[in-house]
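These are the residues of each chain, in order.
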Amino acid sequence: MSSVGIDQISFYTSNYYLDLQTLAKTQNIDPEKYYVGIGQEKMGMPAHDEDIVTMAASAAAPLFSDEASKSISTLLFATETGIDQSKSAGVYVHRLLGLNENCRVVELKQACYSATAAVQMACALVARQPQISVLVIASDIAKYDLDTPGEATQGCGAVAMMIRAEPRILQIDPEVGNYTEDVMDFWRPNYRKTAIVDGKYSTKIYLKSLKKAWQHFAESSQYCFSDLEYFCYHLPFSRMAQKAHRHLSKVNKSTLDAQAIDAQIEGSLLYNKLIGNSYAAALFIGFTSLLENSIEDLSGKRIGFFSYGSGCVAEFFSGKVLPGYEKHLFAAEHATMLNNRQELSYEQYIALYHAPDPREGENVSIVADTTGKFRLAGICEHKREYVAV
């Protein structure tokens, strides 16, 4: 059977960010609490005319350089920032990208885990029909109440991946380790715009799930801890990944020193430090960061991935980076996007935080603001109106 995996990968974040030094100054606390304590420096803030649909379409647009690319069989849209209880956000993206009418579209949800579920489902579809391509998009906006511990871990981002047979970037191994437990560490009822978080408990469950998913993976896979040379973790904040990897190293009685252990994940953290939490997209934006920022040639290296979605579902899986992967990245475009962002004052941040949010069907016309390829132009009679920029 031919190999299956990630053939292309691209991400997008908003053109606005708040430096956490600004937030710390407003709160009269030491910025090191954020820069060092949680390992975060900036958090992306969507413009008023941006949401998960516009970010998703902007992330995926670079993957469609020719008409043949639009002939995909399925679009799987992963998010926990849903905009409709019925209609998939991916259907809007389907139109904005000009995908063919025979392309099925479905939205998946399970906190920050759903993108991994989408990737595995995509791999299964391609393994069944190797001639097809499946587009996976994860798009989220992490938003918490003001003046809470979660405020500094906000962010936004979307990642798009083309899953194909004989991929050019990552061959995904079929063996996985899963763990599910009904817990209440992080959740967002339908009547709330912001999540409810039990931070310390969530960290505890994250680490427990990592150990359990790893144990299942070790039983299922031919690969052991020492076979994996780099690791990517779900990134609610960068320090969580460091804590998780040290925990997994200890579980496996690794003989590597602390510096070598940290080096296995360092490259995957760089983009997250600059954009903040992106929920379902975070793991794969971390993978993009590793690919585009690693000093070492990753060809032939096997990567370990840990995906965690609160509530909770977790998965550990692995994959091998393929020779020539660097020719198929969008590193320059991503660097330009990050470098051209506009820093916000605290007052501007608060204005974006309180974005137009119709609750009773009132009509809203939204001023053009985003530098992305698509925007939310307005909401009329409960209908969201998206246009290309």
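Let me begin by describing the structure that accompanies this report. (Residues numbered from 1 in each chain as written. Predicted model: local features only at pLDDT ≥ 70, side-chain atom pairs only at ≥ 80, totals over all residues. Heavy atoms only, no water.)

### Notes on the pairing of strand β1 (residues 4-12)
In step 1: Counting buried positions over the nine residues of β1 gives nine, a clear majority of the element.
In step 2: Bridging between β1 and strand β7 (residues 155-165) involves eight bridges; their strand directions are antiparallel. Bridging from a neighbouring strand, F11 pairs with V159 of β7.
In step 3: The sheet contact formed by β1 and strand β8 (residues 170-180) spans two bridges and is antiparallel. Following the sheet pairing, I6 is matched in β8 by L170. (Buried < 20%, exposed > 50% of the residue type's maximum accessible area, 1.4 Å probe, protein only. Helix = DSSP H or I, 4+ residues; strand = E, 2+ residues; numbered from the N terminus. Pairing = 2+ DSSP bridges.)

### A look at the layout of surface pockets
In step 1: Each pocket or cavity is described by its volume, and for the second largest pocket that value is around 820 Å³.
In step 2: Forming the boundary of the second largest pocket are 36 residues, of which P149, G150, V197, G199 and F237 lie nearest the centre.
In step 3: Those elements that provide at least two residues to the lining of the second largest pocket are α2 (32-35), β10 (196-197), α6 (199-220), α7 (238-251) and β12 (302-309).
In step 4: For the lining of the second largest pocket, the leading source of residues is α6, giving five residues. (1 Å grid on protein atoms, 1.4 Å probe; cavity = no way out; pocket = protein on both sides within 12 Å on 5 of 7 lines; lining within 4 Å. Points joined across faces, edges and corners; volume = space filled by probe spheres on them.)

### Concerning the pattern of salt bridges
Between side chains of opposite charge, a pair can form as their charged atoms come close.
In step 1: According to the stated counting rule, one finds ten salt bridges in the structure shown.
In step 2: We note a salt bridge from R192 to D145, for which the minimum N-O separation is 3.1 Å. Here R192, found in the loop between β9 (186-187) and β10, pairs with D145, found in the loop between β6 (134-142) and β7; they are 47 residues apart in sequence, far enough to count as distant.
In step 3: Looking at R192, the relative accessible area reads 23%, which means it is partly exposed.
In step 4: Each of the salt bridges in this network shares a partner with another, and the network as a whole consists of D7, R164 and R168. (Salt bridge = Lys/Arg side-chain N within 4 Å of Asp/Glu carboxyl O.)

### Quick look at the sheet that holds strand β16 (residues 374-380)
In step 1: Sheet architecture is open: three strands sit in the order β15-β16-β17, paired in antiparallel fashion. Across the chains shown, the open sheet's two edge strands, defined by having one partner strand only, are β15 (364-365) and β17 (383-388).
In step 2: Each of β16 and β17 is contacted by helix α3 (residues 52-60), which is oriented at about 155° to β16, the strand it contacts most.
In step 3: Lying over the sheet, helix α4 (residues 89-97) contacts β16 and β17, oriented at roughly 30° with respect to β17. (Contact = heavy atoms within 4.5 Å. Axes fitted to C-alpha atoms, helices over the stretch in contact; angles between N-to-C directions.)

### Considerations on α6
Note that an α-helix has 3.6 residues per turn; residues three or four places apart therefore point the same way.
In step 1: Given a rise of 1.5 Å per residue, 22 residues ought to cover 32 Å, and the 31 Å separating the end C-alpha atoms of α6 matches this to within 8%.
In step 2: Listed in full, the buried residues belonging to α6 are S202, I205, Y206, L207, S209, L210, A213, W214 and F217.
In step 3: Against β8, β11 (230-233), α7, β12 and β13 (313-321) lie the buried residues of α6. (Expected span 1.5 Å × (residues − 1).)

### Let's talk about the side chain of D49
In step 1: Along the chain, the position of D49 falls in the loop between β3 (42-44) and α3.
In step 2: A distance of 2.9 Å separates the side chain of D49 from the side chain of R375, its partner in a polar contact.
In step 3: The residues touching D49, leaving out its near neighbours within four places in the chain, are T54, I366, V367, A368, D369, T370, R375 and L376. (Polar contact = N/O pair within 3.5 Å; in protein donor to acceptor, adjacent residues only side chain to side chain.)

### Considerations on the packing of helix α8 (residues 258-275) against helix α9 (residues 282-293)
In step 1: At a closest axis distance of 6 Å, the pairing of α8 and α9 adopts a crossing angle of 120°. As judged from the angle between their axes, α8 and α9 are oblique. Here the hand of the crossing between α8 and α9 comes out right-handed. Touching G267, S268, L269, L270, Y271 and I275 of α8 are I285, G286, T288, S289, L290, E292 and N293, all from α9.
In step 2: Classifying every residue of the contact of α8 with α9 by side-chain character gives six nonpolar, six polar and one charged. (Parallel < 35°, antiparallel > 145°, perpendicular 65-115°, else oblique. Left-handed = near helix turned anticlockwise from the far one by under 90°. Nonpolar A, V, L, I, M, F, W, Y, C, P; charged D, E, K, R; others polar.)

### Regarding the nonpolar core
In step 1: Ranked by size, the top nonpolar core spans 82 residues in total, and within it I9, L135 and I163 carry the most contacts.
In step 2: The element that contributes the greatest number of residues to this core is β7, accounting for eight residues.
In step 3: Formed by 26 residues, the second largest nonpolar core is a distinct cluster that contains W214, F225, A282 and Y308. (Core = buried A, V, L, I, M, F, W, Y, C linked by side-chain atoms within 4.5 Å.)

### Brief notes about the sheet that holds strand β14 (residues 342-343)
In step 1: Spatially, the three strands line up as an open sheet ordered β3-β2-β14, and their pairing is mixed. Sheet topology places β3 and β14 at the edges, where each strand pairs with a single neighbour.
In step 2: Where helix α1 (residues 20-27) meets the sheet, it contacts β2 (16-19), β3 and β14, and its direction lies at approximately 50° from that of β2.

### Comments concerning the pairing of β16
Look at any regular strand and the pattern is simple: side chains alternate between the two faces of the sheet.
In step 1: Of all seven residues making up β16, six are buried, and the element is well covered by its neighbours.
In step 2: When β15 meets β16, the two strands line up antiparallel, connected through two bridges. By the bridge assignment for β16, V364 is matched with I379.
In step 3: The pairing of β16 with β17 spans six bridges and is antiparallel. Across the sheet, F374 pairs through a bridge with A388, a residue of β17.
In step 4: Where β16 hands over to β17, the hairpin turn is made up of two residues, of which E381 adopts a positive phi near 50°.

### Thoughts on the packing of α3 against α4
In step 1: Interaxial distance between α3 and α4 falls to 9 Å at its minimum, and their mutual angle equals 45°. Judged on the interaxial angle alone, α4 and α3 are oblique. Seen from above, α3 lies across α4 with right-handed handedness. Note on element contacts: α4 touches α3 through A89, Y92, V93, L96 and L97, opposite I52, V53, A56, A57 and A60.
In step 2: Tallied by class, the residues present in the contact of α3 with α4 amount to ten nonpolar, no polar and no charged.

Interpretation note: all reported values are geometric properties and have no functional meaning in isolation.
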